[in-house]
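# Overview (structure and organization)
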Amino acid sequence: MLNNSFRFTPHITLEFKIEEKDFFIASESASRIKKTLQQLGIKQDIIKRTAIIIYEAAMNVAIHAIHGALKVYVDPEVISVVTEDVGPGIENVELAMKEGYSTAPQEIREMGFGAGMGLPNIKQCSDELVIDTKIGEGTTLKAKIYLNKNHE
Amino acid sequence: MTLGEIVKELGLEVLTGNINLNKEIKSGYVSDLLSDVIANIEQDSIWITIQRHINILGVAKLKDVIAIVIPRNLSVEEEVIKKAKEEGIAILRDRRNAFEITGLLYNMLKKAQNK
Ligand SMILES: Nc1ncnc2c1ncn2[C@@H]1O[C@H](COP(=O)(O)OP(=O)(O)OP(=O)(O)O)[C@@H](O)[C@H]1O
Ligand SMILES: [Mg+2]
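First, a word on scope: everything that follows refers to the structure included in this document. (Residues numbered from 1 in each chain as written. Chains lettered and ligands numbered in written order. Predicted model: local features only at pLDDT ≥ 70, side-chain atom pairs only at ≥ 80, totals over all residues. Heavy atoms only, no water.)

### Brief notes about the sheet that holds strand 1 (residues 13-14) of chain B
All names here are of chain B. Spatially, 5 strands are ordered 1-5-4-3-2 in an open sheet, and the strand pairing comes out mixed. Strand pairing shows two members of the sheet lacking a second neighbour, strand 1 and strand 2 (27-30), which therefore form its edges. The pairing of strand 4 (residues 67-70) with strand 5 (residues 90-93) spans 4 bridges and is classified as parallel. Across the sheet, residue A67 finds its bridge partner in strand 5, namely A90. In the packing of helix 1 (residues 3-10) onto the sheet, contacts are made with strand 1, strand 3 (45-48), strand 4 and strand 5, and the angle to strand 5 comes to roughly 10°. Along the sheet face, helix 5 (residues 98-114) touches strand 2, strand 3 and strand 4 and points at about 165° away from the line of strand 3. (Pairing = 2+ DSSP bridges. Helix = DSSP H or I, 4+ residues; strand = E, 2+ residues; numbered from the N terminus. Contact = heavy atoms within 4.5 Å. Axes fitted to C-alpha atoms, helices over the stretch in contact; angles between N-to-C directions.)

### Re the interface of chain A and chain B
Contact residues are listed per partner, giving 20 residues for chain A and 20 residues for chain B. Roughly 1,700 Å² of surface becomes buried between chain A and chain B when both sides are summed, with 58% attributable to carbon and sulfur atoms. Taken together, the links from chain A to chain B amount to 2 salt bridges. Taken together, the links from chain A to chain B amount to 6 residue pairs in polar contact (both at pLDDT 80 or more). If you list the elements that add at least two residues to the side of chain A that touches chain B, you get helix 2 (24-39), helix 3 (44-64) and helix 6 (118-125) of chain A. (Buried area = accessible area lost by both parts, 1.4 Å probe. Salt bridge = Lys/Arg side-chain N within 4 Å of Asp/Glu carboxyl O. Polar contact = N/O pair within 3.5 Å; in protein donor to acceptor, adjacent residues only side chain to side chain.)

### With respect to the layout of surface pockets
Residue and element names in this part refer to chain A. Empty space within the largest pocket amounts to approximately 670 Å³. As for the largest pocket, its lining consists of 34 residues, and the residues nearest its centre are N60, H64, I90, T103 and L119. Broken down by secondary-structure element, the contributors of at least two residues to the lining of the largest pocket are helix 3, strand 3 (78-86), helix 4 (93-96), helix 6 and strand 5 (138-146). Here the lining of the largest pocket gets 8 residues from one element, more than from any other, and that element is helix 3. (1 Å grid on protein atoms, 1.4 Å probe; cavity = no way out; pocket = protein on both sides within 12 Å on 5 of 7 lines; lining within 4 Å. Points joined across faces, edges and corners; volume = space filled by probe spheres on them.)

### Re the packing of helix 2 of chain A against helix 3 (residues 55-62) of chain B
It is the contact of helix 2 of chain A with helix 3 of chain B, at a shortest axis distance of 9 Å, that shows an interaxial angle of 15°. As summarised for this structure, helix 2 of chain A and helix 3 of chain B are arranged roughly parallel, according to the angle between their axes. Like other packed secondary-structure pairs, helix 2 of chain A and helix 3 of chain B cross with a definite hand, here left-handed. Contact residues: S27, E28, A30, S31 and K34 of chain A in helix 2 of chain A; G58, V59, K61 and L62 of chain B in helix 3 of chain B. (Parallel < 35°, antiparallel > 145°, perpendicular 65-115°, else oblique. Left-handed = near helix turned anticlockwise from the far one by under 90°.)

### Let's talk about the pairing of strand 3 of chain A
Each regular strand displays side chains that alternate between the two surfaces of the sheet. Residue and element names in this part refer to chain A. When you tally the buried positions in strand 3, you get 7 out of 9 residues, the bulk of the element. Pairing analysis gives 8 bridges linking strand 2 (residues 67-74) to strand 3, with the strands arranged antiparallel. Note that in strand 3 the partner of G68 across the bridge is D85. Direction of pairing for strand 3 relative to strand 5: antiparallel, over a ladder of 9 bridges. Bridge assignment links V82 to a residue of strand 5, and that residue is K142. (Buried < 20%, exposed > 50% of the residue type's maximum accessible area, 1.4 Å probe, protein only.)

### Some remarks on the sheet that holds strand 5 of chain A
Strand pairing in a sheet is mediated by backbone hydrogen bonds. Such pairs are either parallel or antiparallel. Residues and elements named next belong to chain A. Spatially, the 5 strands line up as an open sheet ordered 1-2-3-5-4, and their pairing is antiparallel. Strands at the two margins of the open sheet, each flanked by one partner only, are strand 1 (12-19) and strand 4 (128-134). Pairs of neighbouring strands in the sheet enclose a mean axial angle of 10°, with direction left out of account. Seen against the sheet, helix 3 touches strand 1, strand 2, strand 3 and strand 5 and runs at an angle of roughly 5° to strand 3.

### A short note on unusual backbone geometry
Here the phi dihedral of K21 of chain A falls at roughly 60°; this positive angle occurs in a residue that is not glycine. K21 of chain A gets classed as partly exposed once you look at its relative accessible area, which sits at 39%. Its identity is not glycine, yet N73 of chain B carries a phi of approximately 50°, on the positive side. Note that N73 of chain B resides in the loop between strand 4 and helix 4 (78-87).

### Section: the site of ligand 1
Residue and element names in this part refer to chain A. Taken together, the neighbourhood of ligand 1 is formed by 21 residues, with H64, S102, T103, G114 and M117 sitting nearest. Within the side chain of S102, one N or O atom sits 2.5 Å away from an oxygen atom of ligand 1. Cavity membership is defined here by more than half of the atoms lying within 2 Å of grid points; on that basis ligand 1 lies in the largest pocket. Those elements that provide at least two residues to the shell around ligand 1 are helix 3 and helix 6. (Near = heavy atom within 4 Å. Sits in = over half its atoms within 2 Å of the grid points.)

### Some words on the environment of P120 of chain A
Residue and element names in this part refer to chain A. Tracing the chain through its elements places P120 in helix 6. When its relative accessible area of 16% is taken as the criterion, P120 is described as buried. C-alpha of P120 to C-alpha of M97: the two residues are 23 residues apart in sequence and 5.6 Å apart in space. Setting aside residues up to four positions removed in sequence, P120 forms contacts with M97, K98 and E99.

In structure tokens, the structure reads:
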């Protein structure tokens, strides 16, 4: 049993807190993790996709939720990106996944956010994506990128 | 083609001093939607946008953008210029609009690559 749990222990865990309207943390954390992955010698394409997922997921927490956290686990076979937030939740996930769908307010759009491209980008870059959400409570997003798998 | 050569040939205004002028520009992208830029801009690019909020620097840093070009002589806040210098991202400005600047840049880069 102990062995088993060890096998699933992540090799590297990175954690960042995300506060409301903290627009810096998404690019900061994505840049930092990108550097770490480069040092580990991970393939360029995987790093690119991971960085996009981190940026978009963290930005969604900063823009649409109240506060939350970003966690990135780097294992020998897979990178997992997880965001958990306290916030309004997503009413219709299928709709939210559609390119161009956004509830971002005008002042957010004026800054260049709110194209409704974040979730579609995340979907496109990940091998597995799960979104758990509860209205009035919050949202958890889990994306996986396999290190040794062809991504189409 | 280096950023310095582009600046000279198009007569662009440089807001960040010597930053990145000797760096090689490989490609370019035009968009004001940050998610679009994040998904599609190539490494070592020049990015043309009317967005001037400090957030563009986060995107630029993450995507290894060499320079941002602001069209129509739009104003850029001192805070943004200062941060760009810290992050090693050049900010340039021009009186022409994004369409004109893009056309000129596209032709210059194509010509340089075909040499
Ligand atoms: N963490 C979240 N909490 C609550 N709602 C969310 C969250 N993430 C996404 N959404 C909802 O899903 C919609 C679509 O998200 P998506 O990231 O695709 O676009 P966007 O954030 O509005 O714009 P962009 O990502 O292009 O800047 C959002 O407008 C919002 O309504
Ligand atoms: Mg988004």
